[in-house]
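Chain residues, written in single-letter form:
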Amino acid sequence: MGGIITTHAALLPVEEHSAGAGQHTGQRTLVIFGASGDLSSRLLLPGLGSLLAGQRATSVRIIGTGRSPLAADEWTDRVRSAFASVARESDGTAATRGEIGPVAAETLATTEYVAGDPTDTDHLRALLELAGPAPVLYFSLPPAVTTAIVAKLREVELPEGTELAFEKPFGTDAASAAALNQLVGSFIPEENVHRVDHFLGRTAVLNLIGLRFANRLFEPVWNAEHIESVEIVYDETLGLEGRAQYYDNAGALVDMIQSHLLLVLALLAMDAPATMDAVEVRSEMARALRSTHLYRGSAIEAGRRARYTAGIADDRVVPAYADEAGVDRDRATETLAEVTVELDTNRWAGVPFTLRSGKALGVARKEIVIKFKPLRHLPSGLNGARDGETLRIGLNPGELSLSVPALGVDGPYTMGQVFLDATLPSSPVLPYGEVLSGILRRDPLLSVRGDVAERCWEIVEPVLTAWRAGEVPLEEYEAGSDGPADWQESTESAA
Ligand SMILES: O=P(O)(O)OC[C@H]1O[C@@H](O)[C@H](O)[C@@H](O)[C@@H]1O
């Protein structure tokens, strides 16, 4: 185990830690690469904590690893505070007094941190020996670093049943995603590979399956015959959150649309899977995405982009994006992106699906909006405007609202709109926890399949290329506004 530094919680005797293979049968070991990073503390560990706090929890052994040496108790403290931030009382309310529950406590007691160079094969061998049988190796790192480690992993002998889990973005374009897929596929079977996208763990996103395929009212009208347009929107009031180093290279298109929103589209537009088996569901998602292309084929007309200037969003003073710390002023990174696609299938031909996401906006609008076509005929003698039916599916929180015409709102024969509202049950397990739950159970249902990861890049790549070549203007919007003024007008006139 030459040269590695380990720190671990005091509750287990050291010999149990170093025993390696055979000691942890039944319990999964999660090795987190990039464990000292921001992503791990902000999202991964709280997600895991929410899973361990719930009814479905079984203890997990976590080994954190990274180049930075962490002081003895620092790692354990990070894990503890991530778990405490999501701990629940037995009635589901947030826990007081920092108590984390018995399963999370068991996990905390066995966790350890191993500092070292992840591209050093000796370090990798030592980690694997420590992890024991069938570990999950989780890469919470940028794509280039991940690829370098995976190339080294191929040189060491992996325990039977080893699974790999990758954070988004998977690659930096279609070619690098394909190369990483090929590298991984050369030594690990696809069913043991998990490409993580926490949007697939959202209750509201998973419920698209229930809303559509278990629903007599919606499924028969879920096609171009009845639906005029679809919007998938994820507008945030949050700004950069200290993530300039990552975000300035990505921008809104890559950060949100290339991954999360295209997967939401896949679930929204796919045909019914025969079963809820991972093979069936992921095949239908892949089929839907294979038929997805830019609306009317033009990379220049299918998308628009903008970035924020100084303003006030969510009561915070936000500097202009170009003045944010760590941003390269000369790079034309967009903070608001919109792309319209269509699906070349009998079910969907001609229906525009508009995907939009941005930062530092005035309203956190996170929803899918399905607008139904007007009926061919209305009885004459009905007064008032008929706004038609619109279904809004909240992504966060999971609220459903169906707006339908109704008589009597303004008089007996005058049409108005009424709203049928419902709220989805909220899960105490965070979306990251839901995806991790699948990984730990060896179920790839909520993991992105390799060809889908590549396809999502292929769909947006012509737009990326046009934007990088400056062929589409980078517009501006004030932080805290709803986006560029002329975008509102065109959205309203389309609505
Ligand atoms: O609202 P959530 O669940 O945090 O998801 C949105 C986030 O998803 C992440 O993948 C993006 O990198 C962030 O920029 C974004 O804010």
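Reading the values: rules and limits
Residues numbered from 1 in each chain as written. Predicted model: local features only at pLDDT ≥ 70, side-chain atom pairs only at ≥ 80, totals over all residues. Heavy atoms only, no water. Helix = DSSP H or I, 4+ residues; strand = E, 2+ residues; numbered from the N terminus. Rg over C-alpha atoms; globule rule 2.2 N^0.38 Å. Buried < 20%, exposed > 50% of the residue type's maximum accessible area, 1.4 Å probe, protein only. Areas by Shrake-Rupley, 256 points an atom, 1.4 Å probe, with all protein chains shown as cover. Lys, Arg positive; Asp, Glu negative; His and termini not counted. Charge placed at Lys NZ, Arg CZ, Asp CG, Glu CD. Polar contact = N/O pair within 3.5 Å; in protein donor to acceptor, adjacent residues only side chain to side chain. Domains from an automatic or database assignment. Contact = heavy atoms within 4.5 Å. Salt bridge = Lys/Arg side-chain N within 4 Å of Asp/Glu carboxyl O. Axes fitted to C-alpha atoms, helices over the stretch in contact; angles between N-to-C directions. Parallel < 35°, antiparallel > 145°, perpendicular 65-115°, else oblique. Nonpolar A, V, L, I, M, F, W, Y, C, P; charged D, E, K, R; others polar. Patch = residues over 30% accessible without salt bridge, like charges linked within 9 Å, V, L, I, M, F, W, Y side chains within 5 Å. Near = heavy atom within 4 Å. Core = buried A, V, L, I, M, F, W, Y, C linked by side-chain atoms within 4.5 Å. Arc of directions from axis to C-beta.

## Notes on the overall build of the protein
Here is step 1 of the chain: Per the secondary structure count, the protein includes 13 helices and 19 strands.
Here is step 2 of the chain: In terms of C-alpha radius of gyration, the protein reaches 24 Å, essentially the compact-globule figure of 23 Å for 495 residues.
Here is step 3 of the chain: With respect to the principal axes defined by its C-alpha atoms, the protein has extents near 85 × 50 × 45 Å.
Here is step 4 of the chain: Burial status across the protein gives 54% buried among its 495 residues.
Here is step 5 of the chain: Summed over all atoms, the accessible surface of the protein reaches about 21,500 Å², with 52% contributed by carbon and sulfur.
Here is step 6 of the chain: Distance between charge centroids for the protein: 3 Å, based on 43 positive and 68 negative side chains.

## Focus on helix α5 (residues 121–131)
Here is step 1 of the chain: With respect to burial, α5 is a largely interior element, eight of its 11 residues being buried.
Here is step 2 of the chain: Within α5, burial applies to Thr-121, His-123, Leu-124, Ala-126, Leu-127, Leu-128, Leu-130 and Ala-131.
Here is step 3 of the chain: By the N-cap criterion, in which a side-chain oxygen at the helix start approaches the backbone nitrogen of a residue two or three places on, α5 is capped by Asp-120, the distance to Asp-122 being 3.0 Å.

## Comments concerning the domain arrangement of the protein
Here is step 1 of the chain: Assigned domains of the protein: these are domain 1 (28–196) and domain 2 (200–494).
Here is step 2 of the chain: Relative placement of domain 1 and domain 2: their C-alpha centres are 29 Å apart.
Here is step 3 of the chain: Contact residues are listed per partner, giving 40 residues for domain 1 and 30 residues for domain 2.
Here is step 4 of the chain: On the surface where domain 1 and domain 2 come into contact, there are two salt bridges.
Here is step 5 of the chain: Linking domain 1 with domain 2 are 13 residue pairs in polar contact (both at pLDDT 80 or more).
Here is step 6 of the chain: Within the residue set of the side of domain 1 that touches domain 2, elements represented by two or more residues are α2 (38–53), β5 (136–139), β6 (163–166), α7 (174–185) and β7 (193–195).

## Examining the packing of helix α9 (residues 244–269) against helix α10 (residues 278–290)
Here is step 1 of the chain: At a minimum axis separation of 8 Å, α9 and α10 run at an interaxial angle of 105°. Classified by the angle between their axes, α9 and α10 sit roughly perpendicular to one another. On α10, the residues that touch Leu-262, Leu-263, Leu-265, Ala-266, Leu-267 and Ala-269 of α9 are Met-285, Ala-288 and Leu-289.
Here is step 2 of the chain: Grouping the constituent residues of the contact of α9 with α10 by class yields nine nonpolar, no polar and no charged.

## Observations concerning the side chain of Glu-163
Here is step 1 of the chain: Tracing the backbone shows Glu-163 in strand β6.
Here is step 2 of the chain: Within the local environment of Glu-163, its side chain forms a polar contact with the side chain of His-194, the two groups lying 2.7 Å apart.
Here is step 3 of the chain: Beyond its immediate sequence surroundings of up to four residues, Glu-163 is in contact with Arg-28, Pro-135, Val-136, Leu-137, Glu-191, Asn-192, His-194, Ile-439 and Arg-442.

## Section: a nonpolar patch on the surface
Here is step 1 of the chain: A surface patch of nonpolar side chains, about 220 Å² in accessible area, is lined by Val-409, Val-418 and Leu-420.
Here is step 2 of the chain: A relative accessible area of 31% means that Val-418 is categorised as partly exposed.

## Things to note about the site of the ligand
Here is step 1 of the chain: Around the ligand sit Lys-168, His-198, Phe-199, Arg-202, Tyr-234, Glu-236, Arg-243, Asp-255, Met-256, His-260 and Lys-359, and those are all the residues in its vicinity.
Here is step 2 of the chain: In this structure, an oxygen atom belonging to the ligand sits 2.5 Å away from a side-chain N or O atom of Tyr-234.
Here is step 3 of the chain: A distance of 2.7 Å separates an oxygen atom of the ligand from a polar atom in the side chain of Glu-236.
Here is step 4 of the chain: Protein chains shield 80% of the accessible area of the ligand, which is 390 Å² for the free molecule.
Here is step 5 of the chain: Tallying contributions element by element places α9 first for the shell around the ligand, with three residues.

## Considerations on the pattern of salt bridges
Here is step 1 of the chain: Tallying each qualifying case throughout the model produces 27 salt bridges.
Here is step 2 of the chain: The partner of Asp-77 in a salt bridge is Arg-80, and the shortest N-O contact between them spans 2.9 Å. Taken together, the residues Asp-77 and Arg-80, both in helix α3 (residues 74–85) and three residues apart, mark about one turn of the helix.
Here is step 3 of the chain: Given the relative accessible area of 40%, Asp-77 is considered partly exposed.
Here is step 4 of the chain: Put simply, Arg-212, Glu-219, Asp-271, Glu-284, Arg-287 and Arg-347 are held in one network by salt bridges that share partners.

## Here's the deal with unusual backbone geometry
Here is step 1 of the chain: At the junction of Lys-168 and Pro-169, the peptide bond is cis and its omega measures out at -5° in the coordinates.
Here is step 2 of the chain: Topologically, Pro-169 is positioned in the loop between β6 and α7.
Here is step 3 of the chain: Backbone torsion omega between Asn-396 and Pro-397 reads 5°, so that peptide bond is classified as cis.
Here is step 4 of the chain: Assignment of secondary structure puts Pro-397 in the loop between β16 (390–394) and β17 (399–407).

## Considering the nonpolar core
Here is step 1 of the chain: The biggest cluster of nonpolar side chains holds 112 residues, and the ones touching the most others in it are Phe-353 and Ile-368.
Here is step 2 of the chain: Broken down by element, this core gets its largest block of residues, 17 residues, from α9.
Here is step 3 of the chain: Counting only domains with at least three residues in this core, you end up with domain 1 (28–196) and domain 2 (200–494).

## Overview of helix α6 (residues 143–153)
Here is step 1 of the chain: Turning to α6, its buried residues are Pro-143, Thr-146, Ile-149, Val-150 and Leu-153. Mapping the buried residues of α6 onto a view down its axis gives an arc of 125°, with all of them on the same face.

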